[in-house]
Amino acid sequence: MAPSLTKDSVSPGTPGSERTFFGQPRGLATLFMTEMWERFSYYGMRALLPLYLVAPGGLHLNAATATAIYSVYVSLVYLLAMPGGWFGDRVWGPRKTVAVAGVVIMLGHLTLALPSSGTFYAGLGLVAIGSGLLKANISTMVGHLYDGPDDPRRDGGFTVFYMGINLGAFAAPLVIGTIGESIDWHLGFALAALGMALGLAQFLIGSRHLAPRSSVVPTPLSAEEKVSTLRKAAIWAGIAVVFYAIVGFSGHYTLNWILVPLTLLGVIIPTMVLVRIKRDKNLDHVEQSKMSAYIWFFVAAAVFWMIYDQGGSTLAIFADSSAENSVFGWSFPVSWYQSVNPVLIMALAPVFAWFWLSLNRRGKEPSTIVKFASGLVLVGASFFLFLAPLSIAEGGHKAAAMWLVAIYFVQTVGELLLSPVGLSVTTKMAPAKYASQMMGVWFLAVTAGDATTGLLSIAGVGLNGMNVVALEATLAVVAGVAVWMYRNRVKQLMGGVH
C-alpha cells in the first residue's frame, strides 16, 4: 500500500506545509524512500558479502579471512560516519553530501559487480566511504524538517524514518540475496547498485521538499583551513602510496597489510576520541562526571556489537556450511537469515515502546543501566544458544534452521534493550561543547566492536569454534553483570540523567 499524502495545517514556509506524509512534513517521504533504497542496497550487499568471500565461485577464502574482511568493512562504515558528518558541517552541507554519497555508493556496487578480485576490494572501499558520508547527514536532514527539538511531530518522524531503514533491510536479502546466491554473485551486487540508483533518483527529484537549511554549510572552512586540510590529506595519502608501493614492489604484499592497519585504527581511533573528550579541561565537573559514566556505556556497547554483528559473518558462514536451511521441507537461500532481524525489529519495537510506557506510568520502568546490562546478558545468551547448533554440526549433522532463528531472536531483543537506549543516553550525557559530535562517538562503539572481531580473525582465532563462542558469551554476560553491580556508582556519575 502506497503511503498516503494528506492536507495538514502547519505554518507557511515549513517544508511540507501543503501536504504531509503520515502527518509528517512532505520532505520526510523523500528521506524515507532515499534511506530505504540505500539500506536495501547496503544490506543486500552485506548479506551476500561473507557468502561470496567463502564460495568456490566467489573469492574462495577461508572463514577467518572472510570474517576479518567483513568485520573491517562494517567497522569502516561506522568509523567514516564521523568524517562524513564533518563534510556535511564544514564542506558541502548535508544535502550535497548525501547526493555525492549516493553516487559513490552506486559506483561502489557497480565496481563490486565486476568479476575481478582487485576491483572487488576497491568497490568495498567506495561503498564504505559513501555510507559514511550518508549516514550522519541524512539523519541531520530529518531533524531539519521540524521546528526545533520541541516540535511534537519530531519523535514520530524519526520513528517513521527508522521504519524505512528496516523495510529496506528486510527486503534486500530476499531479493538481492536470492539473485546473488541462485543466479550470479555479480548480478546480485549489480542489483544493489540499482537500489542505490533508485534511492538517489528519489532524493534528487524530491529534494525540493527538504528544508532550505539542508543546503547550508553550517560552519564552512576558512581559506586557511582549506589549505591546511588539503595539505595534511595530501601528505598522509602520499605516505600511504609510498609505503604500499614499497611493500608491493618488494614482493611482501598480502591482504593483511590492509586489514591489520584498518582494524587497529578501528580500535585506536575510538579510544583516542574518548580520551581527548575526557581530558578536555574546558569541561566542567558535571560534564566530566557524565563522560566517566558514558565510558561504561561505550565499552559495554562495544562488547555487544562485537558479538551482535557476527550475525552477518560467523553465523552466516556457519549456516552456509553446517545448517539445514529449510523449513517444513522448503529450502531457502542462506542470505535470507539476514531478513530475520529487521522483521523482528518492526514487529517488536512497538511492543517494547508500549511496554516501557506502561511500566513508566506505574513507576516501574527499568533504568538505562539495567536495560543496558540486560541487553549485554541477552547477546551473551544468544552465543550460549549458538553452542547447541555448533555441537550438532560437530557430531556430523546439519543444524536445524530454527536454531539460528532463535539466536537472531534473542539478539534482536537485546538490541531493542540496548541500542535505542544508547542513542538516547548519548544525547543526554553529551557535553555542550561536543553535542553534535557525540552521535558519531556512539557509532564508534560499533567500530571498536567490529574491529576487535577483525583482529581476532586476523590472528587466526576460529570464531565458530565452541571454546571461542563460549568465551565470547561469557565475556558479554560478565560485562552485563558488572554493569548491573556497579549501577549505583554509574548513576552517581550520570548526575541528573536518568
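Just so it is clear, the structure is predicted and the values come from calculations on it, not from any experiment.

Peer 1: What's the story with the overall build of the protein in this structure? I'm lost.
Peer 2: Regarding its fold elements, the protein presents 17 helices and seven strands. Compactness check: the protein gives a C-alpha radius of gyration of 23 Å against a globular reference of 23 Å for 498 residues, within 12% of the reference. Summarising its shape, the C-alpha atoms of the protein cover approximately 65 × 55 × 55 Å along the three principal directions. When each of the 498 residues of the protein is scored for burial, the buried share is 50%. Taking all contacts inside the protein whose residues are at least 6 apart in sequence as the whole, residues at least 24 apart take part in 78%. Roughly 22200 Å² of accessible area belongs to the protein as shown, and the carbon and sulfur atoms make up 67% of that amount. Here the protein carries 31 positive and 24 negative side-chain charges, and the mean point of each set is 7 Å from the other.

Peer 1: Help me understand the nonpolar core, please; the structure alone is not making it clear to me.
Peer 2: Most often, soluble globular proteins keep nonpolar side chains buried together rather than apart. Judged by nonpolar contacts, the single largest core of 96 residues is most densely connected at Met45, Tyr73, Phe120, Tyr294, Tyr337 and Leu404. A per-element tally of this core places helix α10 (residues 285-308) first, with 13 residues. Discounting residues that sit within four places of it in the chain, Tyr294 has contacts with Leu274, Val425, Thr426, Met429, Met438, Val441 and Trp442. Judged by nonpolar contacts, the second largest core, of 26 residues, contains Phe21, Ile138, Ala193 and Leu210.

Peer 1: How do you make sense of the pattern of salt bridges when you look at a structure like this?
Peer 2: Side chains carrying opposite charge are able to pair once their charged atoms draw close together. One pass over the structure, following the stated rule, counts three salt bridges. For Arg90, the salt bridge goes to Glu225, with nearest N and O atoms at 3.0 Å. On the criterion of sequence distance, the pair formed by Arg90 in helix α3 (residues 81-90) and Glu225 in helix α8 (residues 223-249) is long-range, its members being 135 residues apart. Residue Lys371 is joined to Glu365 by a salt bridge in which the shortest nitrogen-to-oxygen separation is 2.7 Å. What makes Lys371 buried here is its relative accessible area of 8%.

Peer 1: Before we go on, may I ask you to explain unusual backbone geometry in this structure?
Peer 2: As a rule of thumb, non-glycine residues mostly have phi less than zero, and peptide bonds are mostly trans rather than cis. Within the chain, His60 stands out as a residue other than glycine whose phi angle is a positive 55 degrees. As for its placement among the helices and strands, His60 is situated in the loop between α1 (27-54) and α2 (63-79).

Peer 1: Whenever I open this one, the environment of Gly156 confuses me. Can you help?
Peer 2: Tracing the chain through its elements places Gly156 in helix α6 (residues 154-182). Look at Gly156 and you get partly exposed, because its relative accessible area is 29%. Each C-alpha atom of the pair Gly156 and Phe22 lies 9.5 Å from the other, and the pair is 134 residues apart in sequence.

Peer 1: How should the packing of α6 against helix α12 (residues 340-361) be read in this particular structure?
Peer 2: Helix-helix packing: each pair is described by the crossing angle between the helix axes and the interaxial distance. The interhelical angle for the contact between α6 and α12, taken along N-to-C directions, is 145 degrees, at an axis separation of 8 Å. Considering how the two elements wind past one another, α6 and α12 form a crossing that is left-handed. In this structure, α6 uses Tyr162, Met163, Asn166, Leu167, Ala169 and Phe170 to contact α12, whose residues at the interface are Pro342, Val343, Ile345 and Met346. Tallied by class, residues from the contact of α6 with α12 come to nine nonpolar, one polar and no charged.

Peer 1: Help me out: how do you make sense of a nonpolar patch on the surface in this one?
Peer 2: On the surface, Trp296, Val377, Val481, Trp484, Met485 and Tyr486 cluster together into a nonpolar patch covering about 570 Å² of accessible area. In terms of residue count, the dominant contributor to the nonpolar patch is helix α16 (residues 466-485) (three residues). In this structure, Tyr486 sits in the loop between α16 and α17 (487-494). Owing to a relative accessible area of 46%, Tyr486 belongs among the partly exposed residues under this scheme.

Peer 1: Please clarify how the packing of aromatic side chains should be interpreted in this entry.
Peer 2: The geometry of an aromatic ring pair comes down to the distance between the two centres and the angle between the two planes. Counted according to the given criterion, the structure contains 28 aromatic pairs. Where Trp330 meets Phe332, the ring centres are 6.0 Å apart and the plane angle is 40 degrees; that geometry is what we call tilted. On the basis of relative accessibility, which here comes to 49%, the residue Trp330 falls in the partly exposed class. Classification of Phe332 as buried rests on a relative accessible area of 12%.

Peer 1: Sorry, what's going on with α12 here?
Peer 2: Over its 22 residues, α12 extends 32 Å from the first C-alpha to the last, a length consistent with the 32 Å expected when each residue adds 1.5 Å. Its axis deflected by about 35 degrees at Leu348, α12 carries its strongest bend there, up to four residues before the proline Pro350. Taken together, the buried positions of α12 are occupied by Val340, Asn341, Pro342, Leu344, Ile345, Met346, Leu348, Phe352, Trp356, Ser358 and Leu359. Contacts made by the buried residues of α12 are with α6, α10, α13 (368-394) and α14 (401-429). Remark: Gly363 follows α12 within two positions and exhibits a positive phi of approximately 70 degrees.

Peer 1: For this particular structure, what's the right way to read helix α11 (residues 314-322)?
Peer 2: Helical periodicity: at 3.6 residues per turn, an α-helix aligns residues three or four positions apart in one direction. For α11, a buried count of seven out of nine residues is recorded, marking the element as mostly surrounded by other parts of the structure. All of the buried residues along α11 are Thr314, Leu315, Ala316, Ile317, Phe318, Ala319 and Ser322.

Peer 1: Hey, could you run me through the packing of α1 against α6 in this one?
Peer 2: Running from N to C, α1 and α6 point in directions that differ by 35 degrees, and their axes come no closer than 6 Å. Seen along the crossing, α1 lies across α6 with a hand that is right-handed. Considering only residue class, the contact of α1 with α6 consists of 21 nonpolar, seven polar and three charged.

Peer 1: Can you walk me through the environment of Ser335 in this structure?
Peer 2: Tracing the backbone shows Ser335 in the loop between β6 (330-331) and α12. C-alpha of Ser335 to C-alpha of Thr426: the two residues are 91 residues apart in sequence and 33 Å apart in space. Residues contacting Ser335, with those up to four places away along its chain left out, are Ala47, Leu51, Pro173, Gly177, Thr178 and Glu181. Looking at Ser335, its side chain comes within polar contact range of the side chain of Glu181, at 2.7 Å.

What counts and what doesn't
Residues numbered from 1 in each chain as written. Predicted model: local features only at pLDDT ≥ 70, side-chain atom pairs only at ≥ 80, totals over all residues. Heavy atoms only, no water. Helix = DSSP H or I, 4+ residues; strand = E, 2+ residues; numbered from the N terminus. Rg over C-alpha atoms; globule rule 2.2 N^0.38 Å. Buried < 20%, exposed > 50% of the residue type's maximum accessible area, 1.4 Å probe, protein only. Contact = heavy atoms within 4.5 Å. Areas by Shrake-Rupley, 256 points an atom, 1.4 Å probe, with all protein chains shown as cover. Lys, Arg positive; Asp, Glu negative; His and termini not counted. Charge placed at Lys NZ, Arg CZ, Asp CG, Glu CD. Core = buried A, V, L, I, M, F, W, Y, C linked by side-chain atoms within 4.5 Å. Salt bridge = Lys/Arg side-chain N within 4 Å of Asp/Glu carboxyl O. Axes fitted to C-alpha atoms, helices over the stretch in contact; angles between N-to-C directions. Left-handed = near helix turned anticlockwise from the far one by under 90°. Nonpolar A, V, L, I, M, F, W, Y, C, P; charged D, E, K, R; others polar. Patch = residues over 30% accessible without salt bridge, like charges linked within 9 Å, V, L, I, M, F, W, Y side chains within 5 Å. Phe/Tyr/Trp six-rings, centres within 6.5 Å; stacked < 30°, edge-to-face > 60°. Expected span 1.5 Å × (residues − 1). Bend = angle between axes of the 7 residues up to and from the residue. Polar contact = N/O pair within 3.5 Å; in protein donor to acceptor, adjacent residues only side chain to side chain.

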